[in-house]
Amino acid sequence: MTNPILTHRQLFFQHVAQTSDFPLALEVERAEGVYLYSKDTRYLDLISGIGVSNVGHRHPRVLAAIQEQLDKYLHLMVYGEYVQSPQVELAHALAQTLPQPLTNVYFTNSGTEAIEGTMKLAKRYTGRTEIISCFNAYHGATQGALSLSGSEHFKRNFRPLLPDVRHIQHGDWQHLEQITPRTAAVIMEVVQGEAGIRVPEAAYLQAVRQRCSEVGALLVFDEIQTGFGRTGTFWAFEGFGVVPDVVVCAKGMGGGMPIGAFISSAEIMGVFKNNPILGHITTFGGHPVSAAASLATLRVIQDEQLYQQVEAKGQLFRQLLVHPAIREIRGKGLMLAAEFDSFDRLKPIIDRAIVNGVITDWFLFCDNSMRIAPPLIITEEQIRAACAVILDAIA
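Residues numbered from 1 in each chain as written. Predicted model: local features only at pLDDT ≥ 70, side-chain atom pairs only at ≥ 80, totals over all residues. Heavy atoms only, no water.

A.B. asks: What am I meant to see in the sheet that holds strand 3 (residues 42-45) here?
C.D. replies: Strand pairing in a sheet takes place through backbone hydrogen bonds and is either antiparallel or parallel in direction. An order of 1-2-3-13 is seen for the 4 strands of this open sheet, with the pairing classed as mixed. Every other strand in the sheet has two partners, leaving strand 1 (30-32) and strand 13 (358-359) as the edge strands with one partner each. Relative to strand 13, strand 3 runs parallel, the two sharing 2 bridges. Directly across from L44, in strand 13, lies its bridge partner V358. (Pairing = 2+ DSSP bridges. Helix = DSSP H or I, 4+ residues; strand = E, 2+ residues; numbered from the N terminus.)

Right under this line is the structure:
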């Protein structure tokens, strides 16, 4: 007897490792702009694949860059040995978006890997071991990055994790005293993401900068979600008057392709060259196709001035999403959180919105808030349509 032909949905549940008992399991056949398409439904993507599709899905310039690179070469050699034009052109373009001395780029495959490299960099450069992050922070899921996570619920069953990690409260001035001459680095999201979009005062981040400088600790800004125009400037830290020692990016930088990076000064990054030689290595980091896609993404954001439109689009969401069930809307630019009374109140709203063609979500450490982070290319008409669906779902 021949085996019956299984559907993609059946194969998904049989062979693709699951991360929850209730995956969305949307079957997407294609995507373009702000929309995903299944066989019979068009979905407006209000979460950008969790902060990835800043220029929209399958942007024509990103596709053209990918195709052009496919016709040249794919992987050639482990990272850092060959001069590969997509890497060097992207590194140069990134350096031009950043203030001095942030001119030296190390490419990775993801944000988590960039965090891991940054932790090694901080320890090697300072000769110290203590790393400080924030409560309710999210920096990735590998052992080291998970150690920085500020949620014990997500860490408990994977202990023991890295020693000598301390947590402070994001935005709490009194906790800055815990940054001491023992501290190798303070790794901090400029705007906290999975905590439910928490925007600090500029004066607070400036105080963090001053404290790190006083004790000789590196200040690392995790811009994995906030970078590449998401908050209204190309880098979120530009809006706070602070320059870090290291910037970490990923997600929105690839135009849908996997890539990440950590960026610092040539002096700091130079410690990976010796004692030991090849102090940090990766096989696929800065893959030429991903680097080409990233450079095209960067150019689209700059040429179309997408980040200059972000604040007005975020304000339109705030103006339209007015309902007694919405307690507040927090955020900056197109990185927003709409807070409800509870997860039990929010989850049916999210489910109903998806049924009606708008994809949204909640946050890992704030499950009573709705994530609103659409592609930066979203139009006013599309914002109005999305908000109408959300308000109808609430009703």
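From this point, things continue past the structure.
A.B. asks: How should the layout of surface pockets be read in this particular structure?
C.D. replies: For the largest pocket, the calculated volume is near 1400 Å³. Forming the walls of the largest pocket are 45 residues, and the residues nearest its centre are T19, I50, D361, L364 and R371. For the lining of the largest pocket, the elements supplying multiple residues, two or more each, are helix 2 (48-51), helix 5 (111-126), helix 12 (343-355), strand 14 (361-363) and strand 15 (366-372). Broken down by element, the residue count for the lining of the largest pocket peaks at 5 residues, all from helix 12. For the lining of the largest pocket, the per-class residue count stands at 23 nonpolar, 12 polar and 10 charged. Lining the second largest pocket we find 25 residues, and of these Y79, G80, N104, V105 and Y106 sit closest to its centre. (1 Å grid on protein atoms, 1.4 Å probe; cavity = no way out; pocket = protein on both sides within 12 Å on 5 of 7 lines; lining within 4 Å. Points joined across faces, edges and corners; volume = space filled by probe spheres on them. Nonpolar A, V, L, I, M, F, W, Y, C, P; charged D, E, K, R; others polar.)

A.B. asks: Where do I start with the pattern of salt bridges in this structure?
C.D. replies: Opposite charge on two side chains lets them pair, provided their charged atoms get close. A complete count under the given rule lists 18 salt bridges for this structure. The partner of R182 in a salt bridge is D164, with the nearest N and O atoms 3.0 Å apart. Here R182, found in the loop between strand 6 (165-168) and strand 7 (183-189), pairs with D164, found in the loop between helix 7 (152-155) and strand 6; they are 18 residues apart in sequence, far enough to count as distant. A relative accessible area of 26% means that D164 is categorised as partly exposed. (Salt bridge = Lys/Arg side-chain N within 4 Å of Asp/Glu carboxyl O. Buried < 20%, exposed > 50% of the residue type's maximum accessible area, 1.4 Å probe, protein only.)

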